[in-house]
Amino acid sequence: MSCISKLCFSPTSTNPLSTNHRQLQKCVIASFPSTPTLVNNSSRLSLSQPPRFQRSLIRSELGGNEIHVKRTVLHDLYEKQGQSPWYDNLCRPVTDLLPLIANGVRGVTSNPAIFQKAISTSNAYNEQFRELVQAGKDIESAYWELVVRDIQDACKLFESIYDQTDGGDGYVSVEVSPRLADDTEGTVEAAKWLHKVVDRSNVYIKIPATAECVPSIEKVISLGISVNVTLIFSIPRYEAVIDAYLDGLESSGLDDLSRVTSVASFFVSRVDTLVDKMLEKIGTPEALDLRGKAANAQAALAYQLYQKKFSGPRWEALVKKGAKKQRLLWASTSVKNPAYPDTLYVAPLIGPDTVSTMPDQALQAFIDHGAVARTIDSNVSEAEGIYSALEKLGIDWNFVGSQLELEGVDSFKKSFDSLLDSLQEKANSLKLVSL
């Protein structure tokens with residue numbers, strides 16, 4: 001069963017995602033004026049470099065199903081506003097990503113919760129898992145081999161975008177163990193190991209923006225490893241992340257910084273989830289009127305900080321060595337409150353040199369009825385007013401950031417531990433290992 005929802009296909013086409021992909025032998029994409037070709041004869045992938053996607057035809061040799069994929073607003077998002085749409089999900093078969101790439105998706109993010117769902121609910125990992133356990137791998141080592149294969153295969157699919165943009169886009173993110181969120185040196189070693197075993201130029205190693213891991217970010221960047229900094233919930237912590245990136249570039253000793261890149265994943269909807277509860281507890285009309293406004297206001301102010309930090313003499317000196325800006329990436333873009341518009345955390349955050357990573361719900365909604373326009377700095381004074389009004393009501397932004405960070409780390413740890421438990425049970429059921 002595919003892990004990707006039915007997205008952006010023409011009404012008359014056959015949905016390939018209902019096809020049994022485990023039987024997939026070969027998939028060919030034809031696009032106009034020319035086409036990339038993917039051959040999947042085993043578990044490994046080979047992809048030629050495609051030009052820019054315009055209109056595409058995806059043809060599966062299983063039954064000759066054809067899907068006409070048309071240009072979408074995702075292309076406009078990138079070409080007109082300079083924002084890269086990424087997909088916040090990954091599971092097998094990774095070839096399910098092909099229609100999304102054709103429709104304008106330019107990268108992928110993953111996390112422990114995504115892999116927990118993918119591996120525990122799918123049979124697509126069973127064969128490799130059985131082989132790993134039979135070979136004597138312990139459960140956690142087997143987990144990482146499952147994950148690394150998915151990341152490598154996804155990196156191959158986005159390699160052409162990475163090449164076309166000279167390393168500016170086309171990344172796939174994989175996160176270090178969430179158990180290391182309070183371990184500075186352990187995180188550095190894990191990032192080095194993941195970078196080595198994945199061995200793809202377009203992989204981002206995800207490191208959480210905990211106080212303990214901010215020094216890890218600086219060190220890993222200084223080693224020439226590209227990083228996706230995750231779980232950022234406050235402006236002060238975001239500034240610390242930017243400084244870690246700049247410090248890492250400066251201490252790297254590299255003459256060419258063009259291949260060391262980063263994104264800073266600033267979480268959005270979770271902010272409103274927490275702040276809305278606090279506002280409802282206050283209960284005044286003024287407080288209730290600010291529900292659903294905190295997250296985007298803070299995000300708009302984060303973009304102002306981004307513009308300030310990536311300008312001036314210090315940054316220009318790094319640019320001369322080929323440095324690229326650490327792009328702001330909007331994460332947690334799905335709407336948690338059904339009363340809110342389903343593109344609330346996408347449409348108001350459009351701006352140049354940014355990334356929006358969207359799970360199925362948000363991606364489908366934006367493709368269906370999203371409007372493309374520069375919005376991130378269209379009303380900065382309003383964002384400043386909302387931010388200040390929330391402070392006057394007693395909302396402590398430092399508490400909000402700290403609380404959400406704790407919840408985020410804890411959630412990923414639980415997903416990671418749950419998956420390892422599931423894999424242990426699966427191994428036991430196969431009578432391959434004992435408790």
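The rules behind the values
- Residues numbered from 1 in each chain as written.
- Predicted model: local features only at pLDDT ≥ 70, side-chain atom pairs only at ≥ 80, totals over all residues.
- Heavy atoms only, no water.
- UniProt positions renumbered as here; feature names shortened; annotations may be inferred.
- Helix = DSSP H or I, 4+ residues; strand = E, 2+ residues; numbered from the N terminus.
- Buried < 20%, exposed > 50% of the residue type's maximum accessible area, 1.4 Å probe, protein only.
- Contact = heavy atoms within 4.5 Å.
- Areas by Shrake-Rupley, 256 points an atom, 1.4 Å probe, with all protein chains shown as cover.
- pLDDT = per-residue confidence, 0-100.
- Salt bridge = Lys/Arg side-chain N within 4 Å of Asp/Glu carboxyl O.

The name an unreviewed UniProt entry assigns to the chain is Transaldolase, from the organism Heracleum sosnowskyi. In UniProt, the chain has this text filed under Catalytic activity (unreviewed entry): "D-sedoheptulose 7-phosphate + D-glyceraldehyde 3-phosphate = D-erythrose 4-phosphate + beta-D-fructose 6-phosphate".

Whenever I open this one, the overall build of the chain confuses me. Can you help?
Helix and strand counts for the chain stand at 15 helices and 13 strands. For the chain, buried positions account for 56% of its 435 residues. Long-range contacts, defined here as pairs at least 24 residues apart, represent 74% of the contacts in the chain between residues at least 6 apart. Total accessible area on the chain stands at roughly 17,900 Å², and carbon and sulfur atoms take up 49% of it.

I'm lost on the confidence of the model for the chain in this one. Help?
Atomic detail in the predicted coordinates should be set aside for any region of low pLDDT. When pLDDT is averaged across the chain, the result is 87; 83% of the residues are at 70 or more. Counting contacts from residues 8-68, a segment whose pLDDT is below 50, to residues more than four positions away or on other chains yields 133 contacts.

Would you take a moment to explain the pattern of salt bridges for this structure?
For the structure shown, the criterion picks out 23 salt bridges. Across the pair Asp76 and Lys80 runs a salt bridge whose closest N-O atoms are separated by 4.0 Å. Pair noted here: Asp76 and Lys80 are both in helix H1 (residues 73-81), with a separation of 4 residues, about one helical turn. Note that Glu159 and Lys156 form a salt bridge whose closest N and O atoms lie 3.1 Å from each other. Placement of the pair is Glu159 and Lys156 together in helix H5 (residues 139-164), with a separation of 3 residues, close to one helical turn.

Mind showing me how you'd approach the side chain of Thr210 here?
As for its placement among the helices and strands, Thr210 is situated in the loop between strand S9 (203-208) and helix H7 (214-222). Among the residues examined, Thr210 registers a relative accessible area of 4% and is labelled buried. Contacts of Thr210, omitting those with residues within four sequence positions, involve Ala181, Arg237, Glu405 and Val409.

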